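One-letter residues, chain by chain:
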Amino acid sequence: MSKNSNKRLMPIVMAISVIVGIVIGTFYANHFSGNRLSIINSSSNKLNNLLHIIDDQYVDTISINQLVEKAMPKILSELDPHSVYISAKDVQAANDDLKGSFSGVGIEFIIREDTIRVQNVIKNGPADRAGVLAGDRIVSVDDKPFVGKEVTNEQAMHKLKGPKDTKVKLGLMSYGSKKVRTVTVTRGDITQKSISAVYMLDNSTGYIKVKNFGETTYPELLVALAQLSENDFKHLIIDLRSNTGGYLNSAVQMINEFLPKDRLIVYTQGRKEPRQLYKSDGRGSYQDIPLTILIDEASASASEIFAGAIQDNDRGTIIGRRSYGKGLVQKPISFSDGSMLRLTIARYYTPSGRCIQKPYEMGDEEGYQDDLIQRYNHGEFFSQDSIHHTGPKYHTVNGRVVYGGGGITPDIFIAQDTTNITSYLQEAILSGLILQYAFNYTDANREKLSKMTDMRHLTDYLKKQQMVDKFASFAENNGLRRRNLMIRKSYHQLEKLIHGRIIYNILDEQAYLEYVNQDDPVIKAALNEWKKGDNNKRKKR
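Each chain has its residues counted from 1, following the order in which its sequence is written. The predicted nature of this model means local features are confined to residues of pLDDT at least 70 and side-chain atom pairs, given and counted, to a pLDDT of 80 or more, with totals for whole chains, interfaces and linings taken over all residues. In computing side-chain properties, one takes all heavy atoms of the structure into account and sets aside hydrogens as well as water.

### Considering the nonpolar core
Nonpolar side chains tend to gather and get buried jointly when the protein is soluble and globular. Selection criterion: Nonpolar cores are built from buried Ala, Val, Leu, Ile, Met, Phe, Trp, Tyr and Cys residues. Side-chain atoms within 4.5 Å join them into one set. Burial classes: relative accessible area under 20% of the type maximum marks a residue as buried, over 50% as exposed, and values in between as partly exposed (1.4 Å probe, protein chains only). In this description a helix means any DSSP run of H or I spanning at least four residues, a strand means any run of E spanning at least two, and both kinds are numbered starting from the N terminus. Any two residues having at least one pair of non-hydrogen atoms within 4.5 Å are treated as being in contact.
Core analysis: the biggest nonpolar cluster contains 43 residues, and Tyr 424, Tyr 441, Leu 449, Leu 462, Phe 471, Leu 494 and Ile 502 have the highest contact counts within it. Breaking this core down by element, the ones donating at least two residues are strand E10 (195-200), helix H12 (423-430), helix H13 (433-444), helix H15 (455-463), helix H16 (467-477), helix H18 (491-506), helix H19 (509-516) and helix H20 (521-540). A total of 6 residues in this core trace back to one element, the largest contributor, which is H16. The residues contacting Leu 462, other than those within four sequence positions of it, are Tyr 441, Leu 449, Met 467, His 499, Ile 502 and Ile 503. Phe 213, Met 254, Val 266 and Tyr 286 belong to the second-largest nonpolar core, a separate cluster that totals 41 residues.

### Quick word on the sheet that holds E10
The condition that has to hold: Only strands that DSSP links by at least two bridges are regarded as paired with each other. In this analysis an axis means a line fitted to C-alpha atoms, helices contributing only their contacting stretch, and an angle means the value between N-to-C directions, from 0 to 180 degrees.
One open sheet holds the 6 strands; their spatial order is E10-E11-E12-E15-E16-E21, and the pairing between them is mixed. The two strands at the open ends of the sheet, each matched to only one other strand, are E10 and strand E21 (412-413). Here strand E16 (residues 317-320) pairs with E21 via 2 bridges, running parallel. Within the sheet, the bridge partner assigned to Gly 320 lies in E21 and is Phe 413. Relative to the sheet, helix H7 (residues 217-229) contacts E10, strand E11 (205-210) and strand E12 (235-239), its axis offset from that of E10 by approximately 15°. Taken strand by strand, H19 contacts E10 and E11, and its axis lies near 55° from that of E10.

### So, the pairing of strand E17 (residues 328-334)
Of the pairings in the sheet, the one linking E17 to strand E18 (residues 340-349) comprises 7 bridges and is antiparallel in character. Directly across from Ile 333, in E18, lies its bridge partner Leu 341. Joining the antiparallel neighbours E17 and E18 is a turn of 5 residues, in which Gly 338 adopts a positive phi near 95°.

### Focus on the pattern of salt bridges
Put simply, the rule is: Throughout this description, the term salt bridge denotes a Lys or Arg side-chain nitrogen within 4 Å of a carboxyl oxygen of Asp or Glu.
On inspection of all chains with the given rule, the structure shows 21 salt bridges. The residue Asp 189 makes a salt bridge to Lys 164 at a minimum N-O spacing of 3.5 Å. On the criterion of sequence distance, the pair formed by Asp 189 in strand E9 (residues 188-191) and Lys 164 in the loop between helix H6 (153-160) and strand E7 (167-173) is long-range, its members being 25 residues apart. A salt bridge links Lys 496 to Asp 519, with the nearest nitrogen and oxygen atoms 2.7 Å apart. Residue Lys 496 is found in helix H18, and its partner Asp 519 is found in the loop between H19 and H20; the two are separated by 23 residues along the sequence. We classify Lys 496 as partly exposed; its relative accessible area is 22%. Within this structure, Arg 322, Lys 358, Asp 371, Arg 375 and Glu 380 form a network of salt bridges that share partners.

### Here's the deal with H12
The following threshold applies: In this description, one arc is meant: the one made by directions from the helix axis to the C-beta atoms.
For H12, the complete set of buried residues consists of Tyr 424, Leu 425 and Ala 428. The buried side chains of H12 occupy one side of the element, clustering within an arc of 100° when seen end-on. Summarising the contacts, the buried residues of H12 are in contact with H13, H16, helix H17 (484-489) and H18. The first or second residue beyond H12 is Gly 432, which carries a positive phi of 80°.

### Some remarks on unusual backbone geometry
The phi dihedral of Asp 142 is positive, around 55°, even though this residue is not glycine. Assignment of secondary structure puts Asp 142 in the loop between strand E5 (137-141) and strand E6 (144-145). For Ser 301, which is not glycine, the phi dihedral falls at a positive 55°. Considering the arrangement of structural elements, one finds Ser 301 in the loop between strand E15 (291-295) and helix H9 (302-312). Looking at Ser 301, the relative accessible area reads 4%, which means it is buried.

### Focus on the packing of aromatic side chains
Short version of the rule: Here a Phe, Tyr or Trp ring, Trp counted by its six-membered ring, pairs with any other such ring whose centre lies within 6.5 Å, and the pair is stacked when the planes are under 30 degrees apart, edge-to-face when over 60, and tilted otherwise.
Tallying each qualifying case throughout the model produces 13 aromatic pairs. Here Tyr 199 and Tyr 207 contribute two aromatic rings whose centre-to-centre distance is 5.3 Å and whose plane-to-plane angle is 55°, an arrangement assigned as tilted. Of the two residues examined, Tyr 199 and Tyr 207, each falls in the buried class. On the numbers, 6.3 Å between centres and 35° between planes, the contact of Phe 213 with Phe 306 is tilted.

### Things to note about the pairing of E18
Where strand E1 (residues 84-86) meets E18, 3 bridges bridge the pair, whose relative direction is antiparallel. Its bridge partner lying in E18, Tyr 85 is registered against Leu 341. Relative to E18, strand E13 (residues 264-269) is paired through 3 bridges, and the arrangement is antiparallel. Its bridge partner lying in E18, Tyr 267 is registered against Tyr 349.

### Describing a nonpolar patch on the surface
Counted only if it meets this: Like charges are joined within 9 Å and nonpolar side chains (Val, Leu, Ile, Met, Phe, Trp, Tyr) within 5 Å, but only among residues with over 30% relative accessible area and no salt bridge; these make up the patches. For the area figures, the Shrake-Rupley method with a 1.4 Å probe applies, and any residue is considered shielded solely by the protein chains shown.
A cluster of nonpolar side chains, Tyr 58, Val 59, Ile 62 and Leu 67, forms an exposed patch at the surface whose accessible area comes to about 370 Å². Along the chain, Val 59 turns up in the loop between helix H2 (43-57) and helix H3 (64-76).

### A short note on H15
Each turn of an α-helix holds 3.6 residues, which means side chains three or four residues apart point in the same direction. Quick reminder of the rule: For this analysis, a polar contact is any N or O atom pair within 3.5 Å, provided that within protein one partner can donate a hydrogen and the other can accept it, and provided that sequence-adjacent residues contribute only side-chain to side-chain pairs.
Among all positions in H15, only Met 455, Leu 458, Thr 459, Tyr 461 and Leu 462 are buried. Relative to the axis of H15, the buried residues are bounded by an arc of 160° and lie together on one face. The exposed residues of H15 that point more than 90 degrees off its buried face are Arg 456 and Lys 463. Of the surrounding elements, those touching the buried residues of H15 are H13, helix H14 (446-449), H16, H18 and H19. N-cap assignment for H15: the residue whose side-chain oxygen lies 3.0 Å from the backbone N of Arg 456 is Asp 454.

Here you go:
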């Protein structure tokens, strides 16, 4: 055979050899490897293959979709505490709070004795136009009974919310009546405000309560500032206590109103996310107004960005207690089935370079959630000396020392008020009996109470009704032993809680906040600090 013939045959021989090798290898793999997978897999492929094996060989029939739904949260729980999986049915509810509106009937309700009870009706909303009244009990939905153990917050929201212009038929019973009346409500867009109170605390100080940072919070702030400007306010308090955060862009827009040009507001950075700086553009209309920010241990995320930017730029005074310490940036990632992943991709840093995020161990969600309990037990809520700064020192624009290690430590610490706290008061709160009594009292006296449209008028009336004594009798009939000495010691706190809830039920959240702020020690400290600074300025003049 010639050399040319050998060259022509060589590719054919090699191809046959490869095929034979594959056949032999497959034979031995199938017969001697105990059904091991025939390729070397990466860890990610192992998950897919595991699901295929379970689906193909498991002893019982299994829903792979349900298995994946249960596995996703557990996988993410091994990362940080804020990377989460949200199922398709929960996505809308997870987003509604920050979107500024949703489609529904327009009521605020509570569930008592396995029945939905309408607490408030949004004025000029769908339910209001259909004739639903505060105090009504919803006993049926779309001609089907809706009472009993199936009545949960989740089920109630599912039945009452829905696409705009769709209809829902509600069976209602008014207080003291056994007759059911039926109304048909056409669902509509319900506005959710993230600023719940705007008013003047005194002749010179304006107050704004921000509940969260949603899509509409910035325009709401501009309206609030314009409203206070009509009263010629000279000092502004922004209350971010218990504000758990929201959208970064909303917080940046709001901070921009108070800072001069080219001041750093916040920056983000992650392993795959390059550093991104957010700076003020100098267009803010309130760059010179004296500013006080209120925070506490429940202020988180965007609230901490706000407080950190004001503090590091020496733009205002932070008063309260150390904030939560949530400084991880989540990116929403949607799946084709409507479910969503919120994956942490970066960290927030204040202008001085502090990382807002408190320390955590990957996978230790329980320890992370217990952090506030540990702070409480350690005495941090009651003494500034109990705050241990584990992070490095940083410096504000004017050179003041601030600390990293998680959260924002206020410039002025205000201890949690534990004066006259008793075990009776704590049990009355935790049992829900105060809320239940306040609702029952509101229901029974709604016609008379509704005539009082002013917070102070309503407060004066309630003070004459000996509410604490009436509550103690109600609570005793519902399993809370009467403790006269403890009731006397906690009398003011009990009265404040009961009155505040009734005011909320009859009027609104702003009226409630105006009532509780009257003797709030943090508000008092903010006003005193402003007056002290204002007096010093006058002396210098």
